[in-house]
Amino acid sequence: MSLATIVVIVGAGPSGLLLAVMLARNKGIKVTILDADTKINDNPRAAHYAPSAVYDFHRAGILDDVRKQGFTPKGVCWRRKDTTFLAGMGREPEQSQYAMVVLPLDRLGPLLVRHFESLPNTQILWGHKVVGIEQDEKEARVVVQTSDGESKKIGGDYVVGADGASSGVRQALFGREYPGETLDKQIVYLPFDEKFDYWDSNFIVHPTDWYMAAKITTDGLWRVTYGDDANLTREEIVERQPMRYEQILPGNPKPGDYKLISMNPYKLQQRCAPSFRVGRVVLVADAAHLCNPFGGLGLTGGFADVGSLYDCLAGIHDDELDDSILDKYSEIRIKIWREMIDPLSRANFHRLWDENAKKEREEFFAMCEKALDDPLWGKGVAESVHSVRHDFTQYYKSKAKATE
Ligand SMILES: Cc1cc2nc3c(=O)[nH]c(=O)nc-3n(C[C@H](O)[C@H](O)[C@H](O)COP(=O)(O)OP(=O)(O)OC[C@H]3O[C@@H](n4cnc5c(N)ncnc54)[C@H](O)[C@@H]3O)c2cc1C
């Protein structure tokens, strides 16, 4: 790759922005980000970043700022609907360098944009919707429709589709079908003020009234994620929210007992694209795979793609790798999704409500107890999330020579 290398990233979501900061800051690569929206998404959405993601925040040079704005959570636990404690882990927050950090995406996004825009050779083009892809041996191009009604093409050495679940890049490569399934439950996210004596993250186990309540900021904002019938419309879900809160939360609160900041019905999906690479076009994060958010593996897996792809593109740039590495990127990232992210995220979800998951639930709670009794062993369990990452620098020519 020459110094004039251009990477075009489609999507100014968390995955596209993190990759962009890493490429521009660490390698001086020219990065253009295109986003269909006219501004950054201001919906809180994901907030918990696992140690594996924190490792890449460190490599991107953003970790100090993220820690300043966010916090390290104190423990996750499982409870009955009447709040009786069932099991928990991580009550004393891990103080290690890559300990989990919590910062809602509506705060992480602007932070990433500030870092990106402070670097040379960078630009974000808002109001640029990608509707097609073209490529030849020398270049990949995105076909764009701007919010002003203009149509244009923008090219680079590589195009990265980081444009989320309904990715225009993925659809240009593979059509509308996104292999996988939508689960037969949908969830509603509601941040609300702190009221109950809960740990920082709480999963409530119940056949119908399951939910998660998590502290997501240090200024009193909590998020409740609860389930409802998959067949309800958005309007029906909004209408049922006060009744559902009264039904599921301790103390049966009524509107006025809490301050509601926002609300988002969300479909649960387990999906994976057939390949994460076609020529000079590569997919990451939600554009490449989806899973339900219980356990936070969606974005954790997305950021792990970013770390892997960064090592691949940096290796190509530094002549440490040839671009066949992108086939390996696709193969390994898909394997990790199939063997870890898909099954673990399904287990995290079923543990909350499914009677058939009783055995798994008991084994899981026994593991939590062991982790509490033996903190060193517990630390190992917490750090096992690092296996969603794959270190592509091990394939660098200089490393191969060093081990010859
Ligand atoms: C309500 C809600 C709550 C969530 N909670 C959690 C959670 O607790 N834990 C968790 O792990 N995950 C959670 N998620 C999922 C998490 O937010 C996503 O995994 C994450 O945002 C994916 O990041 P991304 O960068 O891949 O894509 P996105 O954040 O979806 O960003 C994609 C960007 O691409 C742009 N774009 C889309 N199409 C085009 C196009 N054709 N051309 C140009 N630009 C385009 C969009 O405008 C957007 O800015 C939640 C999601 C939602 C909606």
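- Looking at an unreviewed UniProt entry, one finds the protein named FAD/NAD(P)-binding domain-containing protein and attributed to Sporormia fimetaria CBS 119925.

1. With respect to the packing of helix 7 (residues 297-317) against helix 8 (residues 325-353)
How two helices pack is summed up by the angle between their axes together with the distance between the axes.
Piece 1. Close contact between helix 7 and helix 8 brings their axes to 11 Å; oriented N to C, the two are set at 165°. Classified by the interaxial angle, the pair formed by helix 7 and helix 8 is roughly antiparallel. Here helix 7 and helix 8 pass one another in a crossing that is right-handed. Here L297, G301, D305, S308, L309, C312, G315 and I316 of helix 7 come into contact with helix 8, specifically with I325, L326, Y329, R333, W337, I341, L344 and S345.
Piece 2. Taken together, the residues that form the contact of helix 7 with helix 8 break down as 10 nonpolar, 4 polar and 2 charged.

2. Quick word on the domain arrangement of the protein
Piece 1. By the assigned domains, the protein splits into domain 1 (6-71 + 102-179 + 269-403) and domain 2 (184-268).
Piece 2. Between the C-alpha centres of domain 1 and domain 2 there is a distance of 27 Å.
Piece 3. Opposite the 12 residues of domain 1 that make contact, domain 2 presents 15 residues.
Piece 4. For the side of domain 1 that touches domain 2, the class distribution of residues is 8 nonpolar, 3 polar and 1 charged.

3. Re the packing of helix 1 (residues 14-27) against helix 7
Piece 1. Between helix 1 and helix 7, the least distance of the axes is 9 Å, while the angle of their chain directions is 30°. Viewed along their axes, helix 1 and helix 7 adopt a mutual orientation that is roughly parallel. Crossing of helix 1 over helix 7 shows right-handed handedness. For the pair helix 1 and helix 7, contact is made by P14, S15, L18, L19, M22, L23, N26 and K27 and by L299, G302, F303, D305, V306, L309, Y310, L313, A314 and H317, respectively.

4. A word on the nonpolar core
Piece 1. Membership of the largest hydrophobic core comes to 105 residues, with the highest contact counts inside it found for L19, V160 and V284.
Piece 2. In terms of residue count, helix 7 provides more of this core than any other element does, 10 residues in total.
Piece 3. A domain-level breakdown of this core finds at least three residues from each of domain 1 (6-71 + 102-179 + 269-403) and domain 2 (184-268).
Piece 4. Apart from the residues lying within four places of it in its own chain, the contact partners of V160 are V7, I9, V10, G16, L19, V282, V284 and L309.

5. Notes on the site of the ligand
Piece 1. Around the ligand, 32 residues are found, and the nearest of them are G11, G13, G164, G168 and A285.
Piece 2. Of all the secondary-structure elements, those providing two or more residues to the shell around the ligand are helix 1, strand 2 (30-35), strand 8 (128-135), strand 16 (264-272) and helix 7.
Piece 3. Per-class residue counts for the shell around the ligand are 15 nonpolar, 11 polar and 6 charged.
Piece 4. Both domains that furnish three or more residues to the shell around the ligand are identified here as domain 1 (6-71 + 102-179 + 269-403) and domain 2 (184-268).

6. Notes on the environment of I261
Piece 1. By the secondary structure assignment, I261 is in the loop between helix 6 (234-248) and strand 16.
Piece 2. In this structure, the C-alpha to C-alpha distance between I261 and R223, residues 38 residues apart in sequence, is 9.5 Å.

7. A closer look at the sheet that holds strand 9 (residues 140-146)
Piece 1. The antiparallel open sheet is built from 3 strands, whose spatial order is 8-9-10. Looking along the sheet, the strands with just one partner apiece sit at the ends: strand 8 and strand 10 (151-156). Put simply, the sheet's adjacent strands are angled 30° from each other on average, direction ignored.
Piece 2. Looking at chain direction, strand 9 and strand 10 are connected through 6 bridges and run antiparallel. The partner of V142 across the bridge, within strand 10, is I154.

8. Some points on the sheet that holds strand 18 (residues 281-283)
In sheet architecture, strand pairing relies on hydrogen bonds along the backbone and comes in two forms, parallel and antiparallel.
Piece 1. Reading across the sheet, the 6 strands line up as 7-2-1-11-18-17 and stay open at both edges, with mixed pairing between neighbours. Each of the sheet's edge strands pairs with one partner strand only, and the pair in question is strand 7 (122-126) and strand 17 (277-278).
Piece 2. Taken together, the 2 bridges between strand 17 and strand 18 define a ladder with antiparallel strand orientation. Bridge pairing in strand 18 places V278 opposite V281.
Piece 3. Against the sheet, helix 1 contacts strand 1 (6-10), strand 2, strand 7 and strand 11 (158-161), and its axis sits at roughly 165° relative to strand 2.

What counts, and at which threshold
Residues numbered from 1 in each chain as written. Predicted model: local features only at pLDDT ≥ 70, side-chain atom pairs only at ≥ 80, totals over all residues. Axes fitted to C-alpha atoms, helices over the stretch in contact; angles between N-to-C directions. Helix = DSSP H or I, 4+ residues; strand = E, 2+ residues; numbered from the N terminus. Parallel < 35°, antiparallel > 145°, perpendicular 65-115°, else oblique. Left-handed = near helix turned anticlockwise from the far one by under 90°. Contact = placed C-beta atoms within 7 Å. Nonpolar A, V, L, I, M, F, W, Y, C, P; charged D, E, K, R; others polar. Domains from an automatic or database assignment. Core = buried A, V, L, I, M, F, W, Y, C linked by C-beta atoms within 7 Å. Buried ≥ 20, exposed ≤ 12 C-beta atoms within 10 Å, placed from the backbone. Near = placed C-beta within 6 Å. Pairing = 2+ DSSP bridges.

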